Amino acid sequence: MDHLRTKGRGAQINTPNGFQSNRYELDETLSPKTKYFEEYPKKVVNFTNSPDLRAMIYVNPYQGCEHGCIYCYARNSHEYWGFSAGMDFESKIMIKRNAPELLEKTFLSKKWKPETISLSGNTDCYQPAERKYQLTRKILEVCLKYGNPVSILTKNSMVLRDLDLLQSLNKKNLVHVLLSVTTMDEKLRLALEPRTSTAVKRFQTLKTLSDAGIPTGVMTAPIIPGLNDHEIPQLIQAAAEAGALYAGYTVVRLNGAIGPIFEDWIYQAFPDKAEKVLNQIKDCHGGKLNDSRFGVRMRGEGRFAENIRALHQVSIRKYMPDRKLPDLSKDHFQRPGQLSLF
């Protein structure tokens, strides 16, 4: 599409909502301001039985994400709220005001057995909205109160605001923090993830956390062949030097509305690379941009996917030999007025 690029946003279009028969066009002469919508769900703890995610239990205090990462798989879920997966996803943010209370209600239930809660299973728990609403901090306070383990994944250095809580959780081996780092190329980051912390800031955050004794790691994700795959060794080396104990990755896949959003973006942002990148992504997923096949969708297949896997493994062996995140403890979970369960 030929239209003016909106600075500070990843998506430049609003794709049709698959759940609605009518659609609207984005006024591209305007730079949409972020709007917040308060939501009071009946539950906030979500379970997934996906074989690719190992029965992850996650909590998302926000839906939609102002970081604006163009590749984000969570964009499709914004359609359930009546919005578009495009620019709506990063400019219309749902705030789950009662998320901390719902989590505490879950912990108080006799049905709850202590398991690790994952923050940012869908959208970033330290996105800009967190500065105002502080729901993530309140969730960490609930986890500390009950002694329930929690794992955090974020692109935002704002996580350092809660260093006091992280240190208290870590005294009982209740927390991991992973930083998602996709590129060290600032030009690429600004286009790919326009409202995230810089890579330099993320590695500084990683080092600060590691120096404070917090177990840390990185997700070099997603790897986009033709854009950032060559950076894998550099990213893992920098993570290792900052004290990271783990480095994981996924290969980009563009399911649902993310496909046309990404295609529109890359033809604008990197027109000379667009065809090469799209063809290499397809090569990783059986000739398509999207991939829903359990077992291969996260890592891809074919020669480009194999090159990514091999480069990641070699980098781990070189820069992170014998490093591993410690298992989080379930032994400290305790309800008020109750003796320890273990």
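All of these numbers come straight from a predicted model, not from anything done at the bench.

Rules behind the numbers
Residues numbered from 1 in each chain as written. Predicted model: local features only at pLDDT ≥ 70, side-chain atom pairs only at ≥ 80, totals over all residues. Heavy atoms only, no water. Buried < 20%, exposed > 50% of the residue type's maximum accessible area, 1.4 Å probe, protein only. Helix = DSSP H or I, 4+ residues; strand = E, 2+ residues; numbered from the N terminus. Pairing = 2+ DSSP bridges. Axes fitted to C-alpha atoms, helices over the stretch in contact; angles between N-to-C directions. Salt bridge = Lys/Arg side-chain N within 4 Å of Asp/Glu carboxyl O. 1 Å grid on protein atoms, 1.4 Å probe; cavity = no way out; pocket = protein on both sides within 12 Å on 5 of 7 lines; lining within 4 Å. Points joined across faces, edges and corners; volume = space filled by probe spheres on them. Nonpolar A, V, L, I, M, F, W, Y, C, P; charged D, E, K, R; others polar.

**Some points on the pairing of strand β5 (residues 92-96)**
Now for step 1: The buried fraction of β5 amounts to five of the five residues, a majority that puts the element mostly inside the structure.
Now for step 2: Along β5, one buried face is formed by K92, M94 and K96 and the opposite face, lined by I93 and I95, is buried too.
Now for step 3: Sheet analysis places strand β1 (residues 35-39) next to β5, joined by five bridges and oriented parallel. Looking at the pairing, E38 lines up with I95 of β5.
Now for step 4: Where strand β4 (residues 62-63) meets β5, two bridges bridge the pair, whose relative direction is antiparallel. Note that in β5 the partner of Y62 across the bridge is I95.

**So, the sheet that holds strand β7 (residues 150-154)**
Now for step 1: If you trace the seven strands from one edge of the open sheet to the other, you get β2-β3-β6-β7-β8-β9-β10, paired in mixed fashion. Looking at which strands have only one partner, the edges of the open sheet turn out to be β2 (45-47) and β10 (247-251). The mean inter-strand angle of the sheet, taken between neighbouring strand axes irrespective of direction, is 25°.
Now for step 2: Pairing analysis gives five bridges linking β7 to strand β8 (residues 175-180), with the strands arranged parallel. Looking at β8, one finds that T154 is bridged to L179.

**A look at the pattern of salt bridges**
Now for step 1: Tallied over the full model, the rule gives 15 salt bridges.
Now for step 2: Between K145 and E104 there is a salt bridge whose closest N-O contact spans 2.6 Å. One end of the pair, K145, is in helix α4 (residues 135-146); the other, E104, is in helix α2 (residues 99-108), with 41 residues separating them in the sequence.
Now for step 3: On the basis of relative accessible area, K145 is assigned to the exposed category, the value being 52%.
Now for step 4: Looking at E104, the relative accessible area reads 21%, which means it is partly exposed.
Now for step 5: With its nearest N and O atoms 2.7 Å apart, the salt bridge here joins D211 to K207. Taken together, the positions of D211 and K207, both in helix α7 (residues 199-211) and four residues apart, correspond to about one turn of that helix.
Now for step 6: Relative accessible area serves as the criterion here: at 57%, D211 is assigned to the exposed category.
Now for step 7: When salt bridges with common partners are traced through the structure, they connect E130, R137, E141, R161, D162 and D164 into a single cluster.

**Quick word on the layout of surface pockets**
Now for step 1: Here the second largest pocket is characterised by a volume of approximately 230 Å³.
Now for step 2: For the second largest pocket, the full set of lining residues is K42, K43, V44, V45, F47, L102, K105, T106, S109, K111, W112 and K113.
Now for step 3: Where the lining of the second largest pocket is concerned, the elements lending two or more residues are β2 and α2.
Now for step 4: The biggest single contributor to the lining of the second largest pocket is α2, with three residues.
Now for step 5: Of the residues belonging to the lining of the second largest pocket, the class tally is five nonpolar, two polar and five charged.

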